[in-house]
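Inside the fold
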Amino acid sequence: MLAAAPVDANKSPVLARRWQRASATVGLGRLAIEKDPAEGLRLAREAAALIGADPPFRNDQTVLGEARLVEGQALQAEGQTEAAHSAMDAAVGWMAKAQVPDSPRLIEARAALARLTR
């Protein structure tokens, strides 16, 4: 008898909806930062919580990296430089794990971290 194949995040409707919701929440957070950094921060953290602390799938890892980047940008907008640096460093780590080296998302995260450390 053959064992069942492991669940693929892209094939499971529940996991796909969770990923889509988290991705949309990251986008809302990104949009909110300019007018209300606290709301952008809340949305970024909500998206990260939807994904979880140690996601096994690359698409989840990418969304978690994006959420941490938005979190860092919101913290930076609030003047919390040290916390912003920590969040952006985590963003780079997650994106480097999930993306190819010349990925625009990874390049954006590295550039944001570099601007913060100047």
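Criteria and thresholds
- Residues numbered from 1 in each chain as written.
- Predicted model: local features only at pLDDT ≥ 70, side-chain atom pairs only at ≥ 80, totals over all residues.
- Heavy atoms only, no water.
- Helix = DSSP H or I, 4+ residues; strand = E, 2+ residues; numbered from the N terminus.
- Expected span 1.5 Å × (residues − 1).
- Buried < 20%, exposed > 50% of the residue type's maximum accessible area, 1.4 Å probe, protein only.
- Arc of directions from axis to C-beta.
- Polar contact = N/O pair within 3.5 Å; in protein donor to acceptor, adjacent residues only side chain to side chain.
- Contact = heavy atoms within 4.5 Å.

**Let's talk about helix 5 (residues 104–117)**
Look at helix 5: 20 Å from first C-alpha to last across 14 residues, which is about the 20 Å you get at 1.5 Å a residue. Buried within helix 5 are the following residues: Leu106, Ala109, Ala112, Leu113 and Leu116. One face of helix 5 carries all of its buried residues, which in axial projection span an arc of 125°.

**Here we look at the side chain of Gln99**
Inspection of the secondary structure puts Gln99 in the loop between helix 4 (81–98) and helix 5. Polar contacts involving the side chain of Gln99 include one to the side chain of Ser103, which spans 2.7 Å. With near-sequence residues (within four places) excluded, Gln99 lies in contact with Thr62, Arg105 and Leu106.

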